[in-house]
Amino acid sequence: MTNKLKPANMMPGNAGLPLIRNTFGAITQQELFYWQRHQQHGKIFKVSMPGLFDNIACLVGPEANRLMFKDEADKLSSRLGNKFLSPILSPDMVLMQDGQQHRISRKLILPVFLPQAIASYFDTIQAVVTETIDDWGKQGTIDLSAELHKLTLKIVVKIFLGSENTAEIEQVSEWFTILVDSLNGVIKWDHPLTLHGRGQVARRKIFNYVRQIIQERSTNGDLDQSTDVLSLLLNTIDEDGNKFTETQVINQAIGFLFAGHDTTSSLMSWLLFELGNCPEWRQRLWDEQQQVMGDNPIAISQLRQLPHLTNTIKEGERMYPPGFIICRMVMADVEHGGYLIPAGWYVCIFPQLTHRLPEIYQDPDTFDPDRFAPPREEDKKQPYSLIGFGGGVHSCIGVELAQMEMKIMLSTLLQKYDWTVTPKTAEIAPVRRPFTMQKQLKATFVPLNPLLGGVSVGRGR
């Protein structure tokens, strides 16, 4: 043992109930479980979940994030750290890979997310958003999370698979809902009687659906002409001759569908919640858009001309990061905060906890996009202070696409509607369990009156 380092089992943290240890609390309380332990023990604590993650070192703060993403990245396994996602994500998925295998896969995927490729998705995303939200103002109160889930899945199905059939898109959406919900299944028995089993049935249906698309294009000779992500993956070969097999492409596509809609819809739900409770910020964003593009839809060339919109999305990422926990398995001993964390343990970091540290972010529970504007730029005080989309070699490869998608959504909504969201901020803030509570969010969209300068009855200037 390195001189004066304490063993990881001496970290603060109680073991929990016999046999199940901390498992019940972590599953039922999710983000709140770790928040409470962070408040009790500080930036380093341990938990144990037998059968899932036996021993976990829970680390909070930029230094911990740097350890995972940079300093000790080669000693930590993403594949084993994300094993809880194995019911959804195949070992073919880039997130579930390490080392050389990961580098090859990420290289083959990169063309899908190059700037010119992302730009080619702009018109499709804008058309889907415009069409989908057109009747939100006529529906009265809507289930915000559910509607955004449908919208983002429709977008990713169209740009990733090239599907134009509305019925098919709705069917894939239904299958994905079942698949994602199955992650909560405790009994990992592949049988229709179990939640896990129903998820696996849904996954096989999605797999077969994607395979059918590939086979139809191959039969029709359309694989070389299609410009969607599926075709790009099938046609990409690197300089060493590496190429995805059909099965690998299908598994990558399933991973993209999962990551590309669930995380975006979650973040958008909370952005609309915060803006729905901040009429002054809705007005600021609307005024900014008027200066840049007037009453015209946003153009791709204008995406970087809206600093208030950019900072608003960053503030959403800070307060409600798409993933509340990032895990790795320790493959070789690592040191942190005076402790030796041995091989066989797991290391987990928590974007939401880092993002609420008062020494980094002033009034961290307050929605304040100006914190990212000069001269404050609070996220630049320390590297790895904003990690809503991860970091290092495993950072979200689709982050630029996600941000473009969110800008299109917010811009289109701001031009068309004013809105309010319940529960109100005062009723639930600070939100410690966003992934659980987002299902409670209800929104009412009111069409703007262009004769009043884009102001609805409740917005004001």
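Anyway, here's the lowdown on the structure attached to this text. (Residues numbered from 1 in each chain as written. Predicted model: local features only at pLDDT ≥ 70, side-chain atom pairs only at ≥ 80, totals over all residues. Heavy atoms only, no water.)

Moving on to the packing of aromatic side chains. Considering all chains together, one arrives at 15 aromatic pairs under this definition. The interplanar angle of 40 degrees and the centroid separation of 6.4 Å between the aromatic rings of Tyr34 and Phe324 together place this pair among those described as tilted. Residue Tyr34 is found in helix 2 (residues 31-41), and its partner Phe324 is found in the loop between helix 14 (307-319) and strand 6 (326-330); the two are separated by 290 residues along the sequence. As far as burial versus exposure is concerned, Tyr34 and Phe324 are alike and both buried. Of the aromatic side chains, those joined through ring pairs into one cluster are Phe33, Tyr34, Phe45, Phe324, Phe350 and Phe435. The ring of Trp419 is capped by Arg282, whose NZ or CZ atom sits 6.0 Å from the centre of that ring. The cationic tip of Arg356 hangs over the ring face of Tyr320; the distance from NZ or CZ to the ring centre is 5.8 Å. (Phe/Tyr/Trp six-rings, centres within 6.5 Å; stacked < 30°, edge-to-face > 60°. Helix = DSSP H or I, 4+ residues; strand = E, 2+ residues; numbered from the N terminus. Buried < 20%, exposed > 50% of the residue type's maximum accessible area, 1.4 Å probe, protein only. Lys NZ or Arg CZ within 6 Å of the ring centre and 35° of its normal.)

Once that is clear, we can look at the pattern of salt bridges. Evaluated as defined, the whole model comprises 20 salt bridges. In this structure, the salt-bridge partner of Glu147 is Lys150, at a minimum N-O distance of 3.5 Å. Taken as a pair, Glu147 and Lys150 lie in helix 8 (residues 144-161) at a separation of 3 residues, close to a single helical turn. The exposure class of Lys150 is partly exposed, given its relative accessible area of 47%. Residue Asp370 pairs with Arg284 through a salt bridge whose shortest N-O separation is 3.1 Å. One end of the pair, Asp370, is in the loop between helix 15 (351-354) and helix 16 (399-416); the other, Arg284, is in helix 13 (residues 279-293), with 86 residues separating them in the sequence. Owing to a relative accessible area of 29%, Arg284 belongs among the partly exposed residues under this scheme. Through salt bridges with shared partners, a single network forms among Glu315, Arg318, Asp368, Arg371, Arg376 and Glu378. (Salt bridge = Lys/Arg side-chain N within 4 Å of Asp/Glu carboxyl O.)

Note on placement: Asn65 falls in helix 3 (residues 62-71). Taking the relative accessible area as the measure of exposure, Asn65 reaches 0% and is therefore buried. Ignoring any residue separated from it by four or fewer positions in sequence, one finds Asn65 in contact with Ile349, Thr354, Tyr384 and Ile387. (Contact = heavy atoms within 4.5 Å.)

Soluble globular proteins tend to bury their nonpolar side chains together. By size, the foremost hydrophobic cluster in this structure holds 95 residues, and its most contacted members are Phe176 and Phe445. No other element matches helix 12 (residues 246-276), which puts 14 residues into this core. Not counting chain neighbours up to four residues away, the residues in contact with Phe445 comprise Trp136, Gly137, Gly140, Ile142, Leu144, Leu272, Leu413, Tyr417, Asp418 and Trp419. Listed in part, the 23 residues of the second largest apolar core include Cys58, Cys327, Cys348 and Ile360. (Core = buried A, V, L, I, M, F, W, Y, C linked by side-chain atoms within 4.5 Å.)

For the rest of this paragraph, the subject is a nonpolar patch on the surface. Together, Ile27, Val186, Ile187, Trp189 and Leu193 line one region of the surface with nonpolar side chains, adding up to about 580 Å² of accessible area. Looking at the element boundaries, Leu193 is found in the loop between helix 9 (166-181) and helix 10 (195-220). (Patch = residues over 30% accessible without salt bridge, like charges linked within 9 Å, V, L, I, M, F, W, Y side chains within 5 Å. Areas by Shrake-Rupley, 256 points an atom, 1.4 Å probe, with all protein chains shown as cover.)

So, on to the sheet that holds strand 11 (residues 442-447). Pairing within the open sheet is antiparallel, and its 3 strands lie in the order 5-11-10. Across the chains shown, the open sheet's two edge strands, defined by having one partner strand only, are strand 5 (141-143) and strand 10 (417-422). Going across the sheet, the axis of each strand differs from the next one's by a mean of 35 degrees, ignoring polarity. In this structure, strand 5 lies alongside strand 11, joined through 3 bridges in antiparallel fashion. (Pairing = 2+ DSSP bridges. Axes fitted to C-alpha atoms, helices over the stretch in contact; angles between N-to-C directions.)

What follows deals with helix 13. Between its terminal C-alpha atoms helix 13 stretches 21 Å, which fits the 21 Å expected from 15 residues at 1.5 Å a residue. Looking at the packing, one finds that the buried side of helix 13 touches helix 12, helix 14, helix 16 and strand 10. Looking at the residues trailing helix 13, positive phi occurs at Gly294, about 60 degrees. (Expected span 1.5 Å × (residues − 1).)

It is worth spelling out the environment of Gln39 at this point. Residue placement: Gln39 occurs in helix 2. C-alpha separation for the pair Gln39 and Ser265, spaced 226 residues apart in sequence, amounts to 29 Å.

Turning next to the environment of Trp345. As for its position among the elements, Trp345 is in the loop between strand 8 (339-341) and strand 9 (346-349). Spatially, the C-alpha atoms of Trp345 and Gln36 are 22 Å apart, while their sequence positions differ by 309 residues. In this structure Trp345 touches Ala8, Asn9, Lys46, Asn55, Ile56, Ala57, Arg328, Met329 and Val330, once residues within four positions along its chain are discounted.

Before going further, it helps to examine helix 12. Three or four residues apart is the spacing at which side chains of an α-helix point the same way, because the helix has 3.6 residues per turn. Compared with the 45 Å implied by 1.5 Å per residue over 31 residues, the 44 Å span of helix 12 between its first and last C-alpha is a close match. Of all 31 residues that make up helix 12, 25 are buried, and the element is covered over most of its length.

With that settled, consider the sheet that holds strand 3 (residues 53-59). As summarised here, the arrangement of the 5 strands in space is 2-3-9-6-4, forming an open sheet in which the pairing is mixed. Single-partner strands in this sheet number two, and they are strand 2 (44-49) and strand 4 (76-77). The sheet contact formed by strand 6 and strand 9 spans 4 bridges and is antiparallel. Within the sheet, the bridge partner assigned to Met329 lies in strand 9 and is Tyr346.

This brings us to the side chain of Ser266. Here Ser266 is to be found in helix 12. Residue classification places Ser266 among the buried residues on the basis of a relative accessible area of 3%. A polar contact is formed between the side chain of Ser266 and the side chain of Gln438, at a distance of 2.9 Å. In contact with Ser266, other than residues within four places in its own chain, are Phe435 and Gln438. (Polar contact = N/O pair within 3.5 Å; in protein donor to acceptor, adjacent residues only side chain to side chain.)

Of the pairings in the sheet, the one linking strand 10 to strand 11 comprises 6 bridges and is antiparallel in character. For Asp418, the partnering residue across the bridge sits in strand 11 and is Val446.

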